[in-house]
Structures are given as structure tokens and as C-alpha cells.
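Architecture at a glance
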Amino acid sequence: MRNVLPPLNALRAFEAAARHGSMSKAADELAVTPGALSHQIRALEEFLEVKLFERLTRSIRLTPAGEALYPGLQGGFQQIRDAVGAL
């Protein structure tokens, strides 16, 4: 794998979708359309060369790779939220 970070917006999109378990709720939180959010996640999957979600009829589910990625991102973004909130 490359030693370059993926785009931050794509990581935010993945983290929000994984946390909510919903593309539409994550899109609402990030003030983007569900299509734009899905595009960011697909770009992240292409960058990482791994599928992160199983896209079901009316829901999404993390793949094993998504389950491995989510805790680190969730903790990192929570630390950022806490730091900003402490200002």
C-alpha cells in the first residue's frame, strides 16, 4: 500500500456512514447528497483497493476490511471533535 493518506473528505464520509449505518444519515450530517457521499466512499475503496461496505437493498453493512478500518477512524475523529469542542 502507498504511504500516502487518502483524501480527508473520503475518510470523513466513510466514518460517518459507518457510525450511522446509513448513507443518507451520513450525507445529512456532512451536508452533501447521498450520491456525493457514495462517490467519496467508492473513491476511498478504489484508493485502498478494498471494499468497505456491502451495499444492501435499503441498508449498508461493513465488510471485514471496513470493520478493521472503522475503530481507528472513529477514535481519531472523536478526538478531533473533542479538541474542537474544548475551544
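Located above this text is the structure these notes cover.
In short, a report on the structure. (Residues numbered from 1 in each chain as written. Predicted model: local features only at pLDDT ≥ 70, side-chain atom pairs only at ≥ 80, totals over all residues. Heavy atoms only, no water.)

Nonpolar side chains tend toward joint burial in soluble globular proteins. The biggest cluster of nonpolar side chains holds 23 residues, and the ones touching the most others in it are Phe14, Ala17, Met23, Leu37, Ile41, Leu44 and Phe53. At the level of elements, α1 (8-20), α2 (23-30), α3 (34-48), β2 (60-62) and α4 (64-86) are the ones that each hand at least two residues to this core. When residues of this core are assigned to their parent elements, the largest contribution, seven residues, is made by α1. (Core = buried A, V, L, I, M, F, W, Y, C linked by side-chain atoms within 4.5 Å. Buried < 20%, exposed > 50% of the residue type's maximum accessible area, 1.4 Å probe, protein only. Helix = DSSP H or I, 4+ residues; strand = E, 2+ residues; numbered from the N terminus.)

By the burial criterion, the buried members of α2 are Met23, Ala26, Ala27 and Leu30. Projected onto a plane normal to the axis of α2, the buried residues spread over an arc of 100° and lie on a single side. Among the exposed residues of α2, those oriented more than 90 degrees off its buried face are Lys25 and Asp28. Buried residues belonging to α2 abut α1, α3, β1 (53-55) and β2. (Arc of directions from axis to C-beta. Contact = heavy atoms within 4.5 Å.)

Turning our attention to the packing of aromatic side chains. Two aromatic rings are characterised by how far apart their centres lie and by the angle between their planes. Overall, the coordinates contain one aromatic pair when judged by the stated rule. A ring pair is formed by phenylalanine 14 and phenylalanine 53, whose centres lie 5.3 Å apart and whose planes are at 50°; its orientation type is tilted. Taken as a pair, phenylalanine 14 in helix α1 and phenylalanine 53 in strand β1 lie far apart in primary sequence, 39 residues in all. (Phe/Tyr/Trp six-rings, centres within 6.5 Å; stacked < 30°, edge-to-face > 60°.)

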